[in-house]
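# Secondary and tertiary structure notes
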Amino acid sequence: MFRLSCLLLVFPASICCAVDTETRPFVPGFERFGIHEDIDESAAGRLLMTELSCVACHPADASELSPKRGPSLDGVGSRVQRAYLHRFLSDPHAVKPGTTMPNVLASLPQEQRQSAIESLVAYLASLTANFPNIKGSGANPVPYQFWLHGDEESGRHLYHKIGCVACHAAEDAYPTIETQASPLDAILEQLDPEQLEELGLSSAARRVPSVPLGDLREKYTKESLTHFLLAPEKVRPAGRMPNLKLLVVEAADLAAYLLSESETKNGDRGREESPVASSKDLITQGREHFVAFGCANCHDVQGTTATKHSVPISQWSTEPLKGCLDADDRDSPRFKLSQPQVQAILAAIADGDDHSPNHAESVEAILLRMNCYACHQRDEIGGVGRYRKAYFETVNHVDLGDEGRLPPPLTHIGAKLHSTWLSQVLQGKATDLRPHMHIRMPIFPGSVAKSLVPTLTKADEASTLSAEQVFGDTKGLADDGRDLMDIGCVQCHQFNGNTLPGIVGIDLNNVSKRIRPQWFHDFLLNPVSLKARTRMPTFFPKGKSSNTEILHGDADRQIAAMWVYLTNIQKHGLPTKIDEARSQDFELVPKDRPIVLRTFMPFAGEHAIAVGFPQKVHFAFDALHCRPAIFWRDRFLDAQGTWFIRFAPPAEPLSKPVIELPRSQAFAELKDLDEPWPEDSQIEHAYTFGGYRLDVDGVPTMLYRWNGMSFEDKLEATDDKTFRRTITWAFKGDHAKTSNIWLLAASGKTLTPTDDGGYLDPQAFKVYVSPELRTSAKLRTWSGHQEYLIPVDLSRKEVELEYRW
C-alpha cells in the first residue's frame, strides 16, 4: 500500500495550503473531468501524477505513473528568447499560468535565487543548434526564409479549422457557418443545471476549458515558432502537443497569427534578440545547477544525467513531513496545486500498490494524458466541446450533421480496426479517409501507438477470427457484393477514389485492411448497436435482409458478399451506378416500382429519404426526426445533384406545390390537454431511426424507436393519388402502458372540418383518421395555431391515416 512521505504534509494542512484555481497547473483531462468528478478521483490523481512528472523524482515501478517529463532542452538557446527564460525561471506560474513546471528555485534566498537564475539562463542560452534544412517539393514548396512570409489571416483560418481550437481558445469574433444543432445540443439549451445533473448531461453542457498558450511573442521568434509547429515532437517527445501535418507555408502562416495574437508588454512581434555573451564559468555553474536542482530529471540535454532522486513511492511513509503538496513547504518545488488537485493525488496515493488497472481503465488513462477526449468521445466521455463544435466545418460547408464534421467516436474502436491500421493512423501513415473535413487527425509519437493500440484491442475484446471463420466460403460472391453496393452504399460512399460526384462519405476501398471481419459483420447487421446515433441505415432490420432477390435474402451471405467485393474493388469493378450513371437521364421516374433515394432536401434535412411512386405521388421522410416531412405530385427528383455534384445543394422536388407537414414529432406524452405539445428539441433525442424495410412491391416501411416502443411506419400510394399511412407499434412488458400518449395527426394556423370527416389545413391538405378514432380525437387551439390530436390506445397496436390534397 502506498504511504504518505516527505512528498506530503498531514492531510488537513495540505488542503488548507492549496492555492486558488487561477494559478494551478493546467492538466486538460483534470480540468474537464477530474474537477467535476466525471472520472474516478484516484484516476484523476494518477493523471496529475503523470502530467506533473512526480515519478521523475520519486521512482516507482508502476508504468501507469510514467512521467510526462518536460521539453527537450537541446537547442533551447536557439528556440526560446533569453529574456523569456529569465522571467520564466523567476516565476513560472506568473509568466505562463497553467504551466506544469514547478518553481524549483522558490526555496532559495532572494540573492542566491537571482544568481542561480543568471547562471541557468547562461547555460540554457548556450545550448544552440541550427534549425533543420527543409527541402521543398512540388507538393510542399519551401520559399526562402519561409518563416518571414507567414500570412496572419491565413494562419487565423488554419487555427480555427484544422483542430487547434479543440484544445486552445478560439476567437469570439471568428465567423462560423450556422449549422443545425444536434438533438443533444438542442435539448441542452432547454434544461437548467439541476435537470442537467439529474439526466447526467452536466459534462456535455458545460464549457471545456482551454489549454493556455502563454505569451508566445515573448518566448519565440518567427523562425523558432514556425519550426516548432512543423515538428513539435522533436521538442516535446511526450506528444501532448501533436503534429498537425503542416506544410512549411502553413506553419509560417500559423506562427504569424499566433505571434500577432499573443499578449506582450513590449509590443514586439517575435523579435530577434541580439546574442548575449556569457562567461564560461557562468555557463559551467549553470550546468551544475541544472543537475543539482533536478532539472535533468525532467528535461533531456545531451551530456547531462539526472542525479537527484527523492524517496521512492513504494517507501512513502505516513510521517507528517512537508513536501510538494504543501504550498508553504520551503524545501520542495512549488507546483501551486489547487485543493481539488491535492485531494485527487491523495486519493491516488491511497489506492497504492493494490491498484491494478484493468484494460478499460488503462485506455482511459492514456486518452486523458494525450487529451484525445478533446476531439473524440469514448463510452460517453469527451468529444468536441459544445461551444467548440461550430469551428468544425466541412469543405464547402456541406451540412452532413455532427457525424460528418466531427472526429469519430472511439467506442469499440479496438474491436473495429486492425491493430496495424490503428497504429498507422496514430503515426500519420494511414490514408486520409475524410477529405471532406477540415479537422486533421494529428500524428503522435510511436510510443503512444505502442501503448494505446494493444490496450484498446484488449479493452474492446477485439475478435481475432479470420474472414474465413466469420464469413465461411466466399468463392463466387464478389458479383453479388457488387450488386448490393448499388442498393444503398453508392449513395454515401466512395469506391477506390471513384464516386457519384455528389457523395462525400468514406472510401470503402481496402476495408479488409482496416476493419476486423467480425466487426464488419456485426455493424452491417445492426449499425446502431455499435455506433450510437450513426447515419448508417440498417439494411437488415431484425437480422433479415431488405432485399430477397440476391442470395435468397440470406443476410449473412449478403454481408459476406459485400466483404469479399470490398477486399479488391480494382479486381471486381466499380458498382454499376458509378459506371453507368453519367450516361443516364438523371430524372428519376418511378415506373413499375417505387424509387427510394437517400439525399439532402429542404425541410426534410440532411437525413432525407425520398420515395417516389409510379402513381406520381411522392414523399420525403426526415430520418433524423422520424416523420414524413413533405409530399408532392407529378415529377419526382433529378438525381444529378445527389450523384454528380460534390457537396451538392439540397435536392428539390421537380413539381410544385410541395406540402410541408408539421415539424413536430408524431407522438408525445401529455399529462393533460392544457400541456403544450413538446418542441422537437425536447423529445427528438429519444427517437432512434432504425432504417427501413422494403416489401415485395418495393414500398419502404420506416423503422424507429421512441419511449420504449418500436414503430413501423408505412406510407403507400393509392390509385387515387393519395397516401395511406399505417403506423404499428410494439413494446416489451408494461413499459409504455401507463403513458398518456397522443398522436399529432395535423397542425396548422387553422384546421377546418370537412363534410367527409377530415381536417383541411391552409395548404388545402386534408388529413383523415379511422372513423372509430374520430370520436375520441381532440381539436385544440394553442399559441395561435390548431392541433388535431388522437389519443393512442396502446392495445390497438395500429393507427391508420389518409392524406389527400
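Since the model is a prediction, treat every value here as computed from it, not as a measurement. (Residues numbered from 1 in each chain as written. Predicted model: local features only at pLDDT ≥ 70, side-chain atom pairs only at ≥ 80, totals over all residues. Heavy atoms only, no water.)

## Here we look at the overall build of the protein chain
Of the regular secondary structure elements, the protein chain holds 34 helices and 21 strands. Sorting the 805 residues of the protein chain into buried and exposed places 52% on the buried side. Summarising the internal contacts of the protein chain: among those between residues at least 6 apart in sequence, 68% fall at separations of at least 24. Total accessible area on the protein chain is roughly 36,900 Å²; 50% of this is exposed by carbon and sulfur atoms. (Helix = DSSP H or I, 4+ residues; strand = E, 2+ residues; numbered from the N terminus. Buried < 20%, exposed > 50% of the residue type's maximum accessible area, 1.4 Å probe, protein only. Contact = heavy atoms within 4.5 Å. Areas by Shrake-Rupley, 256 points an atom, 1.4 Å probe, with all protein chains shown as cover.)

## Quick notes on the sheet that holds strand E16 (residues 752-753)
Two pairing modes exist for strands in a sheet, parallel and antiparallel, and in both the strands are linked by backbone hydrogen bonds. Across the sheet, which stays open at both edges, the 8 strands sit in the order E11-E12-E13-E14-E21-E18-E17-E16 with antiparallel pairing between neighbours. Each end of this open sheet is capped by a strand with a single partner; those strands are strand E11 (688-694) and E16. Relative to strand E21 (residues 798-804), strand E14 (residues 723-731) runs antiparallel, the two sharing 6 bridges. Across the sheet, residue Arg 725 finds its bridge partner in E21, namely Leu 801. (Pairing = 2+ DSSP bridges.)

## Observations regarding a negative patch on the surface
Residues Glu 37, Asp 40, Glu 41 and Glu 361 make up a contiguous surface patch of negative charge. In this fold, Glu 361 is placed in helix H19 (residues 359-370). Residue Glu 361 is classed as partly exposed on the basis of its relative accessible area of 35%. (Patch = residues over 30% accessible without salt bridge, like charges linked within 9 Å, V, L, I, M, F, W, Y side chains within 5 Å. Salt bridge = Lys/Arg side-chain N within 4 Å of Asp/Glu carboxyl O. Lys, Arg positive; Asp, Glu negative; His and termini not counted. Charge placed at Lys NZ, Arg CZ, Asp CG, Glu CD.)

## Focus: the side chain of Asn 509
In this fold, Asn 509 is placed in the loop between helix H25 (478-485) and helix H26 (511-514). Once residues within four sequence positions are removed from consideration, Asn 509 is found in contact with Gln 494, Asn 496, Arg 514, Ile 569 and Gln 570.

## Some remarks on helix H22 (residues 419-426)
For H22, the complete set of buried residues consists of Trp 421, Leu 422, Ser 423 and Leu 426. Against helix H21 (413-416), helix H23 (446-459) and H26 lie the buried residues of H22.

## Topic: the sheet that holds strand E20 (residues 785-791)
Across the sheet, which stays open at both edges, the 4 strands sit in the order E10-E15-E20-E19 with antiparallel pairing between neighbours. Single-partner strands in this sheet number two, and they are strand E10 (667-669) and strand E19 (778-782). Shown here is a sheet whose adjacent strand axes are inclined to one another by a mean of 40°, direction ignored. Pairing between strand E15 (residues 741-748) and E20: 6 bridges, direction antiparallel. (Axes fitted to C-alpha atoms, helices over the stretch in contact; angles between N-to-C directions.)

## Here's the deal with the pairing of E11
Bridge count between E11 and strand E12 (residues 700-706): 5 bridges; the pairing is antiparallel. Considered in E12, the bridge of Tyr 692 is made with Met 702. Connecting E11 to the next strand, E12, in antiparallel fashion are 5 residues, including Gly 698 with a positive phi near 85°.

## A short note on the environment of Arg 287
Mapping Arg 287 onto the fold places it in helix H16 (residues 280-292). Separated by 163 residues in the primary sequence, Arg 287 and Leu 124 have C-alpha atoms spaced 8.2 Å apart. Not counting residues within four places of it along the chain, the set of residues in contact with Arg 287 comprises Tyr 123, Gly 303 and Thr 304. From its side chain, Arg 287 meets the backbone oxygen of Gly 303 in a polar contact 2.8 Å long. (Polar contact = N/O pair within 3.5 Å; in protein donor to acceptor, adjacent residues only side chain to side chain.)

## Things to note about the packing of helix H7 (residues 110-126) against H16
Their axes nearest at 7 Å, the elements H7 and H16 cross at an angle of 100°. Taken together, the axes of H7 and H16 are roughly perpendicular relative to one another. Mapping the contact onto sequence places Ala 116, Glu 118, Ser 119, Leu 120, Ala 122, Tyr 123, Leu 124 and Ser 126 in H7 and Leu 282, Ile 283, Gln 285, Gly 286, Arg 287, His 289 and Phe 290 in H16. A breakdown of the residues in the contact of H7 with H16 according to their chemical character gives 8 nonpolar, 5 polar and 2 charged. (Parallel < 35°, antiparallel > 145°, perpendicular 65-115°, else oblique. Nonpolar A, V, L, I, M, F, W, Y, C, P; charged D, E, K, R; others polar.)

## Some details on the pattern of salt bridges
Going through the model one piece at a time under the given rule, you end up with 29 salt bridges. Among the salt bridges present, the one from Arg 46 reaches Asp 351, with a minimum N-O distance of 3.1 Å. Taken as a pair, Arg 46 in helix H3 (residues 41-51) and Asp 351 in helix H18 (residues 339-351) lie far apart in primary sequence, 305 residues in all. Under the relative-accessibility criterion, Asp 351 is labelled partly exposed at 26%. Salt-bridge contacts for Glu 772 lead to Arg 796; the nearest nitrogen and oxygen are separated by 3.1 Å. Residue Glu 772 is located in helix H34 (residues 771-774), and its partner Arg 796 is located in the loop between E20 and E21; the two are separated by 24 residues in the primary sequence. The exposure class of Glu 772 is partly exposed, given its relative accessible area of 46%. On the basis of relative accessible area, Arg 796 is assigned to the partly exposed category, the value being 38%. Within this structure, Asp 185, Lys 389, Asp 402 and Arg 405 form a network of salt bridges that share partners.

## Some details on the packing of aromatic side chains
For any pair of aromatic rings, geometry is given as the distance between the ring centres together with the angle between the planes. Across all of its chains, the model carries 32 aromatic pairs by this definition. For the ring pair Phe 33 and Tyr 373, a centre distance of 5.6 Å and an interplane angle of 75° mean the geometry is edge-to-face. In this pair, Phe 33 sits in helix H2 (residues 28-34) while Tyr 373 sits in the loop between H19 and strand E1 (377-378), placing the two residues 340 residues apart along the sequence. In this structure, Phe 33 and Tyr 373 share a single accessibility class: buried. Taken together, the aromatic side chains of Phe 613, Phe 619, Phe 631, Phe 723, Phe 765, Tyr 803 and Trp 805 make up a single cluster linked through ring pairs. Above the face of the Tyr 768 ring, Arg 804 is positioned so that its terminal group lies 4.1 Å from the ring centre. (Phe/Tyr/Trp six-rings, centres within 6.5 Å; stacked < 30°, edge-to-face > 60°. Lys NZ or Arg CZ within 6 Å of the ring centre and 35° of its normal.)

## Considering the confidence of the model for the protein chain
Summing up the model confidence of the protein chain, the mean pLDDT is 86 and the portion of residues at 70 or higher is 88%. Note on residues 1-21: pLDDT under 50 across the span, and 71 contacts to partners over four residues away in sequence or across chains. Taken as a whole, residues 263-269 scores under 50 in pLDDT and shows 14 contacts with residues more than four places along the chain or in a different chain. (pLDDT = per-residue confidence, 0-100.)

## Focus on the environment of Asn 526
By the element assignment, Asn 526 lies in the loop between helix H27 (517-525) and helix H28 (527-530). Owing to a relative accessible area of 39%, Asn 526 belongs among the partly exposed residues under this scheme.

## What to know about the nonpolar core
One broad trend across soluble globular proteins is that nonpolar side chains are buried collectively. Counting residues in hydrophobic clusters, the biggest one holds 125 residues, and the most contacted among them are Phe 495, Phe 520 and Phe 667. Per element, the largest residue contribution to this core is 9 residues, and it comes from helix H29 (residues 555-566). Excluding residues that lie within four positions of it along the chain, Phe 520 makes contacts with Phe 471, Val 511, Ile 515, Ile 559, Met 562, Trp 563 and Leu 566. (Core = buried A, V, L, I, M, F, W, Y, C linked by side-chain atoms within 4.5 Å.)

## Observations regarding the side chain of Gln 786
Mapped onto the secondary structure, Gln 786 falls in strand E20. At 2.7 Å, the side chain of Gln 786 forms a polar contact with the backbone nitrogen of Leu 751. Once residues lying within four places of it in the same chain are set aside, the contact partners of Gln 786 are Ala 746, Ser 747, Gly 748, Lys 749, Thr 750, Leu 751, Leu 779, Arg 780 and Thr 781.

## Comments concerning the environment of Val 55
Along the polypeptide, Val 55 turns up in the loop between H3 and helix H4 (76-79). On the accessibility criterion, Val 55 (12% relative accessible area) is buried. In this structure, the C-alpha to C-alpha distance between Val 55 and Leu 65, residues 10 residues apart in sequence, is 6.7 Å. With sequence-adjacent residues up to four places away left out, Val 55 is seen in contact with Ala 60, Leu 65, Pro 67 and Ile 313.

## As for the packing of H19 against H23
Between H19 and H23, the shortest axis-to-axis distance is 8 Å and the interhelical angle comes to 145°. Crossing geometry of H19 relative to H23 is assigned as left-handed. Seen from H19, the contacting residues are His 359, Ala 360, Ser 362, Val 363, Ile 366, Leu 367 and Met 370; seen from H23, they are Val 448, Ser 451, Leu 452, Thr 455, Leu 456, Lys 458 and Ala 459. Classifying every residue of the contact of H19 with H23 by side-chain character gives 9 nonpolar, 4 polar and 1 charged. (Left-handed = near helix turned anticlockwise from the far one by under 90°.)

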